[in-house]
Amino acid sequence: MSVQGTWEEFVAALCDLAVEYDAETYLYEDVVLLSARKAKEGNVSCHIRVTRFDDESARIETGWCFAMTRDFVADDRSRPVPALGVVEAICAGNAEERCLVDAEGRWIGIQLEAWASNGDRWESQSGGFAGVARRIVRRFPRWNDPDGHS
């Protein structure tokens, strides 16, 4: 994972990541869409939308409700850039969303998590947690096999 400082450098790193995970990349002004070339079975998400949030951060969206805003500018040059780490975690199958549902079947909260093999972890949650009757967990599938093949 390369160190980033500008939106343009971050976009270039996303394009490199797309090649690594055999994804198509669509570039628009302040938006990058990544889409796995190989269709997955069932109700799974193999698309990621990355939108420039401000001069230092991006919003990463996929799945039912997965949305995280993370920095694409590195404060610590020895650590991977958080936004790129979250995108790679999704492509690698190391991310999930948990929808919290009450007894009447309404969504009352969400919990999001992505993790990297180097131990980095990104989490987010919103909504209420009182009255949770069940959690619907969806882990995103890996976009290609570990050897880089689709």
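Please refer to the structure placed before this passage.
Quick caveat, the model's predicted, so the values are computed rather than measured.

Participant: Please provide a residue-by-residue account of the overall build of the protein, values included.
Facilitator: Each helix and strand counted, the protein has two helices and nine strands in total. The burial tally for the protein puts 44% of its 150 residues in the buried class. A fraction of 51% describes how many contacts in the protein between residues 6 or more apart in sequence connect residues 24 or more apart. Accessible surface, the protein: about 7900 Å² in total, of which carbon and sulfur atoms supply 45%.

Participant: Quick rundown of the environment of G5? Include the residues and the values.
Facilitator: Of note, G5 is situated in the segment before helix 1 (7-20). Placed 69 residues apart in sequence, G5 and A74 show a C-alpha to C-alpha distance of 6.6 Å. Apart from the residues within four sequence positions on either side, G5 is in contact with F72 and V73.

Participant: A description of the side chain of T62 should follow, citing residues and the corresponding values.
Facilitator: Tracing the backbone shows T62 in strand 4 (residues 57-62). For T62, the side chain forms a polar contact with the main-chain oxygen of H47, separated by 2.5 Å.

Participant: Summarise a negative patch on the surface; cite the residues concerned and give the values.
Facilitator: A cluster of acidic residues, D54, E56, D71, D75 and D76, forms a negative patch on the protein surface. Residue placement: E56 occurs in the loop between strand 3 (47-52) and strand 4. By relative accessible area, which is 45% here, E56 ends up partly exposed.

Participant: Please give an account of the packing of aromatic side chains that cites residues and values.
Facilitator: All told, the structure shown has five aromatic pairs when counted by the stated rule. Geometrically, the ring pair formed by F66 and F140 is edge-to-face, given 5.7 Å between the ring centres and 80 degrees between the ring planes. A residue pair is termed long-range when its members are at least 10 positions apart, and F66 in strand 5 (residues 66-71) and F140 in the segment after strand 9 (134-139) qualify at 74 residues. The residues F66 and F140 share a single accessibility class, namely buried. Of the aromatic side chains, those joined through ring pairs into one cluster are W7, F10 and F72. One residue, R138, lies across the ring of W64, its end atom 4.1 Å from the ring centre.

Participant: Please give an account of the pattern of salt bridges that cites residues and values.
Facilitator: Applying the stated criterion across every chain yields a total of eleven salt bridges. Between E61 and R49 there is a salt bridge whose closest N-O contact spans 3.9 Å. Highlighted residues: E61 in strand 4 and R49 in strand 3, separated in sequence by twelve residues. For R49, a relative accessible area of 38% gives the class partly exposed. Residues D55 and R52 are paired through a salt bridge, measuring 3.0 Å at the closest nitrogen-oxygen approach. Since its relative accessible area comes to 27%, R52 is described here as partly exposed.

Participant: Break down helix 2 (residues 82-91) for me, with residues and values.
Facilitator: Counting buried positions over the ten residues of helix 2 gives nine, a clear majority of the element. Looking at helix 2, one finds that the buried residues are A83, L84, G85, V86, V87, E88, A89, I90 and C91. Just downstream of helix 2, G93 is the residue with a positive phi angle, here 80 degrees.

Participant: An account of the environment of V81 is requested, with residue identities and associated values reported.
Facilitator: Note that V81 resides in the loop between strand 5 and helix 2. Using a relative accessible area of 0% as the deciding quantity, one classes V81 as buried. In sequence terms V81 and F10 are 71 residues apart; their C-alpha atoms lie 9.0 Å from each other.

About the cut-offs
- Residues numbered from 1 in each chain as written.
- Predicted model: local features only at pLDDT ≥ 70, side-chain atom pairs only at ≥ 80, totals over all residues.
- Heavy atoms only, no water.
- Helix = DSSP H or I, 4+ residues; strand = E, 2+ residues; numbered from the N terminus.
- Buried < 20%, exposed > 50% of the residue type's maximum accessible area, 1.4 Å probe, protein only.
- Contact = heavy atoms within 4.5 Å.
- Areas by Shrake-Rupley, 256 points an atom, 1.4 Å probe, with all protein chains shown as cover.
- Polar contact = N/O pair within 3.5 Å; in protein donor to acceptor, adjacent residues only side chain to side chain.
- Patch = residues over 30% accessible without salt bridge, like charges linked within 9 Å, V, L, I, M, F, W, Y side chains within 5 Å.
- Salt bridge = Lys/Arg side-chain N within 4 Å of Asp/Glu carboxyl O.
- Lys, Arg positive; Asp, Glu negative; His and termini not counted.
- Charge placed at Lys NZ, Arg CZ, Asp CG, Glu CD.
- Phe/Tyr/Trp six-rings, centres within 6.5 Å; stacked < 30°, edge-to-face > 60°.
- Lys NZ or Arg CZ within 6 Å of the ring centre and 35° of its normal.

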